[in-house]
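Here is what each chain is made of, one letter per residue.
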Amino acid sequence: MSQPLPEPRTTSLDATAANAGSPPATPVPPTADNLTVTVSSHFKMIFLVIVGLTLMFWMAHFGLLFTSDPERPEIKDALETTKIAGFSSLGTILGLLGGAVSGKV
């Protein structure tokens, strides 16, 4: 069963000519009164996952630091890995927040 295609819209030449003489719309610069940041549910989900991973990395780091011998080579490697992952995920959080504030979400 096929449906007919919708008719293309035609614009009035009078409306197009009337808009041709008007200057282009200029964006309003943000001020403290009209500054709003909206984020999607997709952004919120990603943000919460990154925050959860950050907490997990830092809990693993301090858990290893306080419950095991940090002089063993495998523990040193694990501590270094969790520290790098924790700082990296903190940078990711700051990047996500910066993108949200700049409106590039």
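## Side note on the overall build of the protein chain
Point 1. Secondary structure summary: the protein chain contains 3 helices and 0 strands in total.
Point 2. Starting at the N terminus and ending at the C terminus, the protein chain contains elements arranged as α-α-α.
Point 3. Burial status across the protein chain gives 13% buried among its 105 residues.
Point 4. Looking at the protein chain alone, contacts between residues at least 24 apart form 67% of all its contacts between residues at least 6 apart.

## A short note on the side chain of Thr82
Point 1. In this structure, Thr82 sits in helix α3 (residues 73-102).
Point 2. According to the relative accessible area criterion, Thr82 is buried, its value standing at 12%.
Point 3. For Thr82, the side chain forms a polar contact with the side chain of His61, separated by 3.1 Å.
Point 4. There is a polar contact of 3.1 Å between the side chain of Thr82 and the backbone oxygen of Leu79.
Point 5. Apart from the residues lying within four places of it in its own chain, the contact partners of Thr82 are Phe57, Ala60 and His61.

## Describing helix α2 (residues 41-67)
Residues spaced three or four apart along an α-helix face the same direction, because each turn holds 3.6 residues.
Point 1. In a regular helix each residue adds 1.5 Å, so 27 residues correspond to 39 Å; α2 covers 38 Å between its end C-alpha atoms and thus fits that length.
Point 2. Within α2, burial applies to Phe43, Ile50, Thr54, Trp58 and His61.
Point 3. Those residues of α2 that are buried lie in contact with α3.

## Some points on the pattern of salt bridges
Point 1. Overall, the coordinates contain 2 salt bridges when judged by the stated rule.
Point 2. In this structure, Glu71 engages Lys76 in a salt bridge whose closest nitrogen and oxygen atoms are separated by 4.0 Å.
Point 3. Measuring nitrogen to oxygen at the nearest pair gives 2.9 Å for the salt bridge that ties Glu74 to Arg72.
Point 4. Residue Glu74 is classed as partly exposed on the basis of its relative accessible area, which comes to 44%.

Conventions we followed
Residues numbered from 1 in each chain as written. Predicted model: local features only at pLDDT ≥ 70, side-chain atom pairs only at ≥ 80, totals over all residues. Heavy atoms only, no water. Helix = DSSP H or I, 4+ residues; strand = E, 2+ residues; numbered from the N terminus. Buried < 20%, exposed > 50% of the residue type's maximum accessible area, 1.4 Å probe, protein only. Contact = heavy atoms within 4.5 Å. Polar contact = N/O pair within 3.5 Å; in protein donor to acceptor, adjacent residues only side chain to side chain. Expected span 1.5 Å × (residues − 1). Salt bridge = Lys/Arg side-chain N within 4 Å of Asp/Glu carboxyl O.

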